[in-house]
Amino acid sequence: MQGKGVIKFFAILLAVVCIYQLSFTWVAHKVEKDAKEYAKGNTEKETAYLDSISTQPVYPLFGHTYQYCLDRELALGLDLKGGMSVTMQISLRELVQTLSNNNPDPAFKQAMADAEKDVVTTQKDYITLFVDAYEKRVPNGKLAAIFANSNNQDKVKFNSTNSQVEAYLKDQATAAVQQSYTVLHRRVDQFGVTQPNIQLQKSTNRILIELPGVKEPDRVRKLLSGTAKLEFYQTYDNTEVYSLLNNVNSVLGAKSKAAAKTDTAKVTAAVKTPTSLKDSANSLLNKLKNANGKDSSALNNKAQLAAQNPLFSVMSLVTTTDANNQQQLAPGPIVGYSQVKDTAKVNSYLRSADAATVLPRNIKFLWGVKPIDKTKVFQLYAIKLAGAENGPVLNGDVITDAHKDVNQLNGGYEVIMNMNSQGAQKWKNITAEASAGANKRSIAIVLDDNVYSAPNVQNEISGGVSSISGNFKMEDTEDLANVLKAGRLLAPARIVGGEVVGPSLGQQAISAGLLSCILGLVVILIFMVAYYNRAGTVAVVAVLVNVFFLLGVLVSIRAVLTLPGIAGIILILGVAVDANVLVYERVREELGLGKSIRIAVADGFKHALPSILDANISTFLTGIILFVFGSGPIQGFATTLMIGIVTTLFCSLLISRLIFEFMLEKEWDIKFSNPWSSHTFKNANYGFVKNRFKFYIFSGIFIAAGLVSMATRGFNYGVDFGGGRTYLVQFPNKAATPEQIHQELDKALGFGSEVKTYGADKIAITTNYLIDDTATDADDRVEAALINALKVSPVTTITKDDILSHSKVEATVANELKASAKWTIIIAILAISAYILIRFRKWQFSLGAMVATVHDALMVLSFFSLFKDVLPFSLDIDQAFVAALLTVIGYSINDTVVVFDRIREFLNLHHAKTDDPKEVINHAINNTLSRTIITALTVVLILIILFLFGGDVLRGFSFALLIGVLFGTYSSICVATPVIIDFGKKDLR
């Protein structure tokens, strides 16, 4: 074996990297365990402990902070950790209506309605559908007459064509979606959850937001669905505000020292402004600095100083050094710094009734939108309120455009901001006032009460075009430009789907998933050793190393592990076993030819390589398609699948080979079978080709029955495909049956409810009651109606606490998900067929692969329709089912390619041209039968364990995989190969 040194070096390096990456999870969990022990069940104390240690070094040797480790630990998805998922839809109809200045034309309004109706059933975007609908209703109508106005005169002229107007509308739609994404991304940061996931789905104008661990779903809905508020404020200077902050600090300190009611005279004396601002600030800074010592007296001083100076103990002053190296207050609108854990305390101090007695009414304090780079420190800005209503000097709705640019003088990044005529005049007056005199003032740009930027105004700005520059990175300018345009959010975002998973359900899912993983691994290891003797132990080591590398890579790329991801790991175990089985079966063949063990091992790896590569590349293609076209859990599954295939190839082809080389050098006795397994399937001669028409008839009848069932009975659609609200309920009365529950719901909510058992003691209730109601309280009203409907009978009575989780998807989302799933499957089949055509250079092989994959998909769909109400568990069609179906396609192709590879080998090498191709092909199938059955058996065993022990969440998913693998194994032998024969005739060599 060549390059052993390089392989060893790379394997050791990869192992070290994986250990390092996985160590962050171990360190973070250790800190959290210490926090739980310290808090003894008090969640507030636990949170305070973790906040206090977030910036402290906790990682041995390297000294990484807890926050650094937390950001790099193995991330768990919603289904494992619990939390909330929200899907938000950008309303492009409202965008079009606003850009038209609410044009009252009836044809225009009807065209918008037509487009909104058609977007549900087609893959075209809303703008294209709107333009098509308008031209259909008004054949000679000019859209420019509707959309041209003073605000967009540089982009839409009165003589612009409909195509030009359409391009303008699409640009505005893209900008509106990006603006909403920026606003929502900043709002998500406010929830403080670890590793939130926010994805912009441009093709559907949707934003998927996942917040693992969040415990306030109502607050999430309120903040995410609120209207963006962009404002411009004048600011105070730090030197002006210090005396006010010092007064607040003194009042709070005096109050904390008083044992009884504070004497009014003492308070008055305490709030006198210091005679020397600089000396007072320096004195206080020195006291706070000296109190940071580690001896007991210093700690006592720090505690005393915190009692005397409550505000300044949680907020640092903003200072600079003068020419004499003396500290003084720094100029500018930033008046303090605080750790994120202290910001709430600062807010409570500055908004308290005591602070109100010494602060003027036209001042408020706002935090910067994000912390200083690589810290958890936020900046506090002093905002000057204007006018009789104490508001901003200018609202963001005057912004017509904003974009990033490059400063021609210094090459840095800047933002160009354009205002309408009304805003330009106000902006001229505002900037003239801010730039007057020697001390230039800043104008704060505030979105949702967070300061995004506070640029210093150097001179008066007229004309409505402003340049905002600073020490910006490119992404900073993109964000700021989107923020400025957010003041004119023409297309509001509304929640169209949401799911809440309780932490108890998440913990059950974790336990079930881990149990199934461990059991599946144990079963594989026992089987491999039992079947392949000592060589099986090599496969065991390779599989264990494979799982280790897989987890290490997942952590290093910050992938989120979900339950389908765990299923992907289990499936990778099967793929890894398949690669070893291919090698071992080849080695056994070589040994049967009388070769020495060393030569047999070398030739076994050599001859198995093409089949292993073809099979895994085809499965990898499935993973790519899943990742590109899937979302949420499906992407998690695809990520795990693709990484697992790469690590499997590395471990099965290289690590295993290294182990065998080591064993051969030590002259160990290597056996590839036990007495009972040495002759399994040897000299098999089943008539697969001769009986192919029987297989055609069986598959044809089953699929035909399935198609009839699909047309008449349909499927049990999950909530993400059918639309509606699903509640997972644990009934206090265990005697409650689905029939009783269904009866009570039909009486109160009308028909359209679905009730299924979910595990041993839970019930899943799906209802389309008020599904089209978009009011903010619709979810609450449906939940209340559900509880009231079930309260009629003592047997079915539940409370709000009995609802473990709920999810919601609107019908528009459901229809698009179904369309997306259909196209994903079609693209997967075409892509894999194209690869087979390129690899085997015969269209018959590509056709056979295509027929087999379509066959497998139809067989699984037929089964789910025919038996949807027969089996004692639900057979739902949902996103997880699509992932399972695509995985089945990948597995089926994997299996088919191995058979095809042996057929090609036999046709080209082992037989004369005068031999009957049917006999040659049948011989090839029988020759690979041992590998086909062993691989299928190991995967089926894994899936049975997943089905039995993987928990309720994975049951439908694992069952789809299970029957799919059985159909896939059947089709690779009995369907794909016969197609080659019947279409190839004699043109196969």
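See the structure printed just above.
Residues numbered from 1 in each chain as written. Predicted model: local features only at pLDDT ≥ 70, side-chain atom pairs only at ≥ 80, totals over all residues. Heavy atoms only, no water.

A. Structural detail: the overall build of the protein. Across its full length, the protein carries 34 helices and 24 strands. Accessible surface computed for the protein: about 45,100 Å², of which carbon and sulfur atoms make up 57%. (Helix = DSSP H or I, 4+ residues; strand = E, 2+ residues; numbered from the N terminus. Areas by Shrake-Rupley, 256 points an atom, 1.4 Å probe, with all protein chains shown as cover.)

B. Layout of the packing of aromatic side chains. On inspection of all chains with the given rule, the structure shows 38 aromatic pairs. Seen in terms of ring centroids, Y20 and Y59 are 6.1 Å apart; in terms of plane orientation they differ by 70 degrees. Their pairing is edge-to-face. Of the two residues, Y20 sits in helix α1 (residues 4-39) while Y59 sits in the loop between α2 (43-53) and α3 (66-71), which places them 39 residues apart along the sequence. Residue classification places Y59 among the buried residues on the basis of a relative accessible area of 11%. Each residue in the set F527, Y531, Y532, Y584, F605, F660, F672 and W676 is aromatic and connected to the rest through ring pairs, giving one cluster. Just above the ring of Y38 sits the side chain of K45; from NZ or CZ to the centre is 5.0 Å. The residue whose ring lies beneath K384 is Y236, and the NZ or CZ to ring-centre distance is 5.0 Å. (Phe/Tyr/Trp six-rings, centres within 6.5 Å; stacked < 30°, edge-to-face > 60°. Buried < 20%, exposed > 50% of the residue type's maximum accessible area, 1.4 Å probe, protein only. Lys NZ or Arg CZ within 6 Å of the ring centre and 35° of its normal.)

C. Expanded view of the pattern of salt bridges. Counting across every chain of the model gives 22 salt bridges. Between D603 and K595 there is a salt bridge; the shortest N-O distance is 2.8 Å. Residue classification places D603 among the buried positions, given a relative accessible area of 18%. Of the charged contacts, one joins E783 and K800 as a salt bridge, the two residues approaching to 3.8 Å between their closest N and O atoms. Placement of the pair is E783 in helix α27 (residues 778-790) and K800 in the loop between α27 and β23 (803-809), with a sequence separation of 17 residues. (Salt bridge = Lys/Arg side-chain N within 4 Å of Asp/Glu carboxyl O.)

D. Broad picture of the pairing of strand β12 (residues 399-406). For β12 and strand β13 (residues 413-419), the ladder comprises seven bridges, and the chain directions are antiparallel. If you follow K404 over to β13, its bridge partner there is V415. Taken together, β12 and the strand that follows it, β13, pair antiparallel across an intervening segment of six residues, in which G411 is found at a positive phi of about 80 degrees. (Pairing = 2+ DSSP bridges.)

E. Summary view of the environment of H679. Mapped onto the elements of the fold, H679 is located in the loop between α23 (633-665) and α24 (692-712). Since its relative accessible area comes to 55%, H679 is described here as exposed. For the pair formed by H679 and S930, sequence separation is 251 residues and the distance between their alpha carbons is 9.8 Å.

F. Local environment of the nonpolar core. Counting residues in each nonpolar core, the largest one holds 125 residues, and the members touching the most others are M528, Y584, F660, I836, F864 and F900. Looking at this core, the element that brings in the most residues is helix α30 (residues 879-910), giving 17 residues. Beyond its immediate stretch of four places on either side in the chain, F660 contacts A535, V538, Y584, V601, F605, I670 and F672. Ranked by size, the runner-up nonpolar core spans 44 residues in total, among them L99, I209, V220 and A493. (Core = buried A, V, L, I, M, F, W, Y, C linked by side-chain atoms within 4.5 Å. Contact = heavy atoms within 4.5 Å.)

G. Quick look at the packing of helix α5 (residues 92-99) against helix α6 (residues 106-118). As a packed pair, α5 and α6 sit with axes 10 Å apart at the nearest point and diverge in direction by 165 degrees. One element, α5, and the other, α6, form an angle in the roughly antiparallel class. For α5 against α6, the interelement crossing comes out right-handed. Along the contact surface, α5 presents R93, V96 and Q97, while α6 presents F108, K109, M112, A113 and E116. (Axes fitted to C-alpha atoms, helices over the stretch in contact; angles between N-to-C directions. Parallel < 35°, antiparallel > 145°, perpendicular 65-115°, else oblique. Left-handed = near helix turned anticlockwise from the far one by under 90°.)

H. Here's a closer look at the packing of helix α26 (residues 738-749) against α27. Closest axis-to-axis distance for the α26/α27 pair is 9 Å, and the angle between their directions is 120 degrees. It follows from the interaxial angle that α26 and α27 lie oblique. Here the hand of the crossing between α26 and α27 comes out right-handed. Mapping the contact onto sequence places I741, E744, L745, A748 and L749 in α26 and A785, L786, A789 and L790 in α27. A per-class count over the contact of α26 with α27 returns eight nonpolar, no polar and one charged. (Nonpolar A, V, L, I, M, F, W, Y, C, P; charged D, E, K, R; others polar.)

I. Structural context of the sheet that holds β12. Judged by pairing direction, the sheet is antiparallel, and its three strands sit side by side in the order β12-β13-β16 without closing on themselves. Strand pairing shows two members of the sheet lacking a second neighbour, β12 and β16 (465-469), which therefore form its edges. Adjacent strand axes in the sheet meet at a mean angle of 20 degrees, parallel and antiparallel pairs treated alike. Pairing geometry for β13 and β16, over five bridges, is antiparallel. Bridge pairing links I416 to S467 in β16.

J. Structural detail: unusual backbone geometry. Even without a glycine there, the phi angle at L61 is positive, about 70 degrees. For L61, the position within the fold is in the loop between α2 and α3. On the accessibility criterion, L61 (80% relative accessible area) is exposed. A positive phi angle, near 50 degrees, is found at N390, a position not held by glycine. Of note, N390 is situated in the loop between β10 (377-384) and β11 (394-395).

K. Broad picture of helix α18 (residues 421-435). Given a rise of 1.5 Å per residue, 15 residues ought to cover 21 Å, and the 21 Å separating the end C-alpha atoms of α18 matches this to within 8%. Of all the positions in α18, only G423, A424, W427, I430, T431, A434 and S435 are classed as buried. Within α18, the buried residues cover an arc of 130 degrees as seen down the axis, which keeps them to one side. Opposite the packed face of α18, turned more than 90 degrees from it, sit the exposed residues S421, Q422 and E433. (Expected span 1.5 Å × (residues − 1). Arc of directions from axis to C-beta.)

Read these as geometric descriptors, not functional statements.
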